[in-house]
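Structural description and commentary
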Amino acid sequence: MSFASLSLETKQRALAELTDVKRLFADRGWFPGTSGNLSVRVGDIAPDDFHFAITASGKDKSLSTPEDFLFVDREGKPSETTGLKPSAETLIHCEIYRQTGCGAIFHVHTVFNNLVSELFWERKSIPVDGVELIKAFNIWDEEAHIEIPIVSNYAHIPSIVPEVTERLDKRIPGIMLRKHGIYAWGANAFEAKRHLEAFEFLFEYVYRWELLHRR
């Protein structure tokens, strides 16, 4: 699907969803120092053909301006003429869209997600046992156990992508970068938001549980 064939309404809807989510997460303090990035896919998806709206690089996400977002293609290149630069981590979004076919991806940096990523780095995954919020991922097993993958955090973003490809677990709608933050996704913006909120609850729970039991 060519970007030009997408309707204005489709593009505006994606931008409106991103604006709402950006404001909500900024109010929670989830974008310290212009960190984090958000994206919403527009139109249909094929592994070699898709477009999405994503936060522009280096913007204060507590503010709303006409320069907050841009559209990019499957390679993370702008889909239309713009002076804006996409987030430095756009290639990770590209790979998650390619692997999952999802509709939205939200990435935030928080103290708890950074702490648990380091706490369980040698394990390469964050274990969660029997917590109710696991059901947010449509996992309904009683006393369910999940492992949230952790991948290396390199300054050279393309070096991260192969690990994302290798470690991504389609049963778990999220992947963690070590001492960096969680990428959570869903079929649409509502589902991605739900998943991200569930992950953040679980990270705080796991960290506090470890504190109680390592004394």
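See the structure printed just above.
Residues numbered from 1 in each chain as written. Predicted model: local features only at pLDDT ≥ 70, side-chain atom pairs only at ≥ 80, totals over all residues. Heavy atoms only, no water.

1. Observations concerning the packing of helix 1 (residues 8–27) against helix 5 (residues 189–213)
Taken N-terminus to C-terminus, the directions of helix 1 and helix 5 make an angle of 20°; their axes are 11 Å apart at the nearest point. When the axes of helix 1 and helix 5 are compared, the pair comes out roughly parallel. The two elements helix 1 and helix 5 cross, and the hand of that crossing is right-handed. Touching Glu17, Leu24 and Phe25 of helix 1 are Ala189, Lys193, Leu196 and Glu197, all from helix 5. Among the residues making up the contact of helix 1 with helix 5, the classes are represented as four nonpolar, no polar and three charged. (Axes fitted to C-alpha atoms, helices over the stretch in contact; angles between N-to-C directions. Helix = DSSP H or I, 4+ residues; strand = E, 2+ residues; numbered from the N terminus. Parallel < 35°, antiparallel > 145°, perpendicular 65-115°, else oblique. Left-handed = near helix turned anticlockwise from the far one by under 90°. Contact = heavy atoms within 4.5 Å. Nonpolar A, V, L, I, M, F, W, Y, C, P; charged D, E, K, R; others polar.)

2. A closer look at the side chain of Glu210
You can see Glu210 is positioned in helix 5. Residue classification places Glu210 among the buried residues on the basis of a relative accessible area of 18%. Setting aside residues no more than four positions away along its own chain, Glu210 makes contact with Leu119 and Phe120. (Buried < 20%, exposed > 50% of the residue type's maximum accessible area, 1.4 Å probe, protein only.)

3. Describing the packing of helix 3 (residues 111–119) against helix 5
Two measures define how a pair of helices packs: the angle their axes make with one another and the distance between the axes. The contact between helix 3 and helix 5 brings their axes to 9 Å, and the two run at 55°. In this view, helix 3 runs oblique relative to helix 5, as classed from their interaxial angle. In this structure, helix 3 meets helix 5 at a crossing whose hand is left-handed. Contacts between helix 3 and helix 5 involve Phe112, Asn113, Leu115, Val116 and Leu119 from the former and Glu200, Phe203, Glu204, Val206, Tyr207, Arg208 and Glu210 from the latter.

4. Some thoughts on the packing of aromatic side chains
Scanning the model with the defined rule gives eleven aromatic pairs in all. Note on Phe25 and Phe31: the rings are 6.3 Å apart at their centroids and 50° apart in plane angle, and the pair reads as tilted. Here Phe25 matches Phe31 in class, with each residue buried. Following the ring pairs from residue to residue traces out a cluster consisting of Phe25, Trp30, Phe31 and Phe106. Here the basic side chain of Arg28 rests over the ring of Trp30, its NZ or CZ set 5.1 Å away from the ring centre. A cation over a ring is seen here: Lys124 above Trp121, with NZ or CZ 4.3 Å from the ring centre. (Phe/Tyr/Trp six-rings, centres within 6.5 Å; stacked < 30°, edge-to-face > 60°. Lys NZ or Arg CZ within 6 Å of the ring centre and 35° of its normal.)

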